[in-house]
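A structural walkthrough
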Amino acid sequence: MRSIHIILASTAVVLTILAPLARAQQAKEETPSYTLITDVNVFDGVADRLTPGRVLIEGNLIRAVGPNVEAPDGAVVIDGGGRTLMPGLINCHVHLALPDAIANVESKLLFADVVLGSQLMARGYLMDGFTTVRDAGGNVFGIKKFIDRGLLPGPRIYPSGALISQLGGHFDLRNLTQQKTESHMERIGNIAICDGVPEVLVAARRNFRLQASQLKICVGGGAASDFDPVDTMQFTAEEIRAAVTTANNWHTYVGAHIFTPQAMHIAADNGVMVFDHAFLIDEGAMKKVVEKGIFLVPQMNGLSPELLRNPILGPVNLAKIRTVHGQAGDFVALIKKFKPKIVFADDAFGTEDVVFKQRRYELGYRASLFGNFETLRQATSAAGELMALTGPRNPYSGKLGVIEEGALADMLIVDGNPLDDISVIGGTMEWFDAPPPKPIETIRVIMKDGKIFKNTL
């Protein structure tokens, strides 16, 4: 029976790959040597303004930006019609390998279901204008390979590999009767439960062997799990250093699932360079974050009252969220005061419909807190800086998140001005009451790596 399941899963994956194969291959073959985009107002990802001009693309790189840029004979010319050209969006905390509620992924989905769901998630991010994502834990190595080869539509993926958690930690998803067995999520490579320095070293090294671009560990409790309170400290200093030493040996970094100031101090003092969530940060921890150049990766929807309406959350999860909301009152004020490195994230997981709604709400809600420009900057140039923190483990050669000479040709052309109206890239203040998601009609062109994946001009 086991062999039959494997065959069925493999067949399903092959059929899914073949479906977009012809379209992806055709797009690859039709990619011109030069593309000139004319009559656009450029948001470069850095400055709070639009600049009229033209953009010349050679292969997968931006070769020139300016008002008088010309192209060689034979170049494809795209008339932007006075629309806005901007960098492709970057999402710094996604979970492509969680295509359903965590409990369902753990107990109801076969590995083939997870693979196919991951593909749908990846395509959805790209078609919403996200040309790059940082996967914050999960087995997405196969999906990434097929996307990078041009066989599947999807964004660039920076994979963390299996999320590293301690026994009883944030991603120990076993129920109380499974304490001596692996969870399904462990078996499929989404998480790694580790205790002690040797086990952390093994998990970290295994992730890098699979070509992770960075590591992700859990240094405290969280709301999505049942058995670890938010205030708990997870992993010892020695265990954290084991992960960081391994990442440093591979010339990249460690990010941490983290909430409390106490956890932030021990993580920062032992070399962690990215704090995911971080909602309970205080002034002392914030000063250390700024001093050490640590990136903050919060999904702002985690602080929204709307989150309490999420139908997949149980009583334990809701109680934890209320605790976080009650203690995170200074979060936005501290960010505005100290101006740490902060990037865009949605931390969305679940079915495709759920993820679509959450990431679009994240754009709108974040803009209501920080303003449109800051939200766009966090999702473009600032996020590009975080991607570059992977150093030689960066799977993509070139600069991301900006429109400038030499940068990778990941860009959008949109109706309207996102600096004035975040809805032109899908931002909304509706979440669970939003209608079923449809394509964002105001995103007219989506280009990744110099290839056009959508063009409705």
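As shown above, the structure is provided for reference.
Attention here is on the structure that accompanies the text. (Residues numbered from 1 in each chain as written. Predicted model: local features only at pLDDT ≥ 70, side-chain atom pairs only at ≥ 80, totals over all residues. Heavy atoms only, no water.)

Regarding its fold elements, the chain presents 14 helices and 17 strands. Over its C-alpha trace the chain gives a radius of gyration of 21 Å, about what one expects of a compact globule, namely 23 Å for 457 residues. Principal-axis analysis of the C-alpha atoms gives the chain an extent of 65 × 60 × 45 Å. Out of the 457 residues in the chain, the part that is buried amounts to 57%. In the chain, the share of contacts with a sequence separation of at least 24, taken over all contacts with a separation of at least 6, comes to 71%. Of the accessible surface of the chain, which amounts to about 18,500 Å², a share of 55% is contributed by carbon and sulfur atoms. Of the side-chain charges in the chain, 44 are positive and 49 negative, and the distance between the mean point of each set is 4 Å. (Helix = DSSP H or I, 4+ residues; strand = E, 2+ residues; numbered from the N terminus. Rg over C-alpha atoms; globule rule 2.2 N^0.38 Å. Buried < 20%, exposed > 50% of the residue type's maximum accessible area, 1.4 Å probe, protein only. Contact = heavy atoms within 4.5 Å. Areas by Shrake-Rupley, 256 points an atom, 1.4 Å probe, with all protein chains shown as cover. Lys, Arg positive; Asp, Glu negative; His and termini not counted. Charge placed at Lys NZ, Arg CZ, Asp CG, Glu CD.)

With that settled, consider the environment of H184. As for its position among the elements, H184 is in helix α5 (residues 184-187). Along the chain, H184 and L109 lie 75 residues apart, while their C-alpha atoms are 9.1 Å from each other. Sequence-distant contacts of H184, that is, excluding residues within four places in its chain, are made with V105, E106, L109, L110 and F111.

This brings us to the sheet that holds strand β15 (residues 411-414). Read across the open sheet, the seven strands follow the order β3-β2-β1-β4-β15-β16-β17; overall the sheet is mixed. A single partner strand is all that each edge strand has here, and the edge strands are β3 (61-66) and β17 (451-455). Taken pair by pair, the neighbouring strands of this sheet meet at an average axis angle of 35°, ignoring direction. As judged from the four bridges shared by strand β4 (residues 76-87) and β15, these two strands associate in the antiparallel manner. Bridge pairing in β15 places M86 opposite L412. (Pairing = 2+ DSSP bridges. Axes fitted to C-alpha atoms, helices over the stretch in contact; angles between N-to-C directions.)

Here we come to the pairing of strand β8 (residues 163-166). By the alternation rule, side chains of β8 split into L163 and S165 and I164 and Q166, which are all buried. With four bridges connecting them, β8 and strand β9 (residues 191-194) associate as parallel partners. If you follow I164 over to β9, its bridge partner there is A192.

Here helix α6 (residues 197-209) spans 18 Å end to end across 13 residues, near enough to the 18 Å set by a 1.5 Å rise per residue. Listing the buried residues of α6 in full gives V200, A203, A204, N207 and F208. In an axial view of α6, the angular spread of the buried residues amounts to 135°, which keeps them on one side of the axis. Seen from the buried face of α6, the exposed residues on the opposite side, beyond 90 degrees, are P198, R205 and R209. Of the surrounding elements, those touching the buried residues of α6 are α4 (141-148), β8, β9, β10 (215-218) and α7 (237-249). One or two residues past the end of α6 sits Q211, with phi positive at roughly 80°. (Expected span 1.5 Å × (residues − 1). Arc of directions from axis to C-beta.)

Let us look at the packing of aromatic side chains. The full count for this structure, using the stated rule, is ten aromatic pairs. Plain terms: the ring middles of Y125 and F130 are 6.0 Å apart, the flat faces sit at 85° to each other, and that makes the pair edge-to-face. Judged on exposure class, the residue Y125 and its partner F130 are both buried. Taken together, a centroid distance of 4.7 Å and an interplanar angle of 25° make the contact between Y361 and W431 stacked. (Phe/Tyr/Trp six-rings, centres within 6.5 Å; stacked < 30°, edge-to-face > 60°.)

Further remarks concern the side chain of E106. Assignment of secondary structure puts E106 in helix α2 (residues 102-107). Buried E106, no salt bridge; nearest opposite-charge side chain is R187, N-O distance 5.5 Å. One polar contact links the side chain of E106 to the main-chain amide nitrogen of M185, over a distance of 3.1 Å. Non-local contacts of E106, meaning those with residues more than four positions away in its chain, are made with L173, S183, H184 and M185. (Salt bridge = Lys/Arg side-chain N within 4 Å of Asp/Glu carboxyl O. Polar contact = N/O pair within 3.5 Å; in protein donor to acceptor, adjacent residues only side chain to side chain.)

We now examine the pattern of salt bridges. As enumerated under the stated definition, the model contains 22 salt bridges in all. Between D269 and K288 there is a salt bridge, with the nearest N and O atoms lying 2.9 Å from each other. Here D269, found in helix α8 (residues 261-269), pairs with K288, found in helix α9 (residues 283-292); they are 19 residues apart in sequence, far enough to count as distant. We note a salt bridge from R309 to D433, for which the minimum N-O separation is 2.9 Å. Here R309, found in the loop between β13 (295-297) and α10 (315-327), pairs with D433, found in the loop between β15 and β16 (443-448); they are 124 residues apart in sequence, far enough to count as distant.

This next bit is on the nonpolar core. Formed by 55 residues in total, the largest nonpolar core has its most connected members in I217, I258, V272 and F275. Looking at which element gives the most residues to this core, the answer is α7, with five residues. Once residues within four sequence positions are removed from consideration, V272 is found in contact with I217, I240, V244, V254, G255, A256, A267 and I294. Counting residues in hydrophobic clusters, the runner-up holds 48 residues, among them L89, V140, I147 and F344. (Core = buried A, V, L, I, M, F, W, Y, C linked by side-chain atoms within 4.5 Å.)

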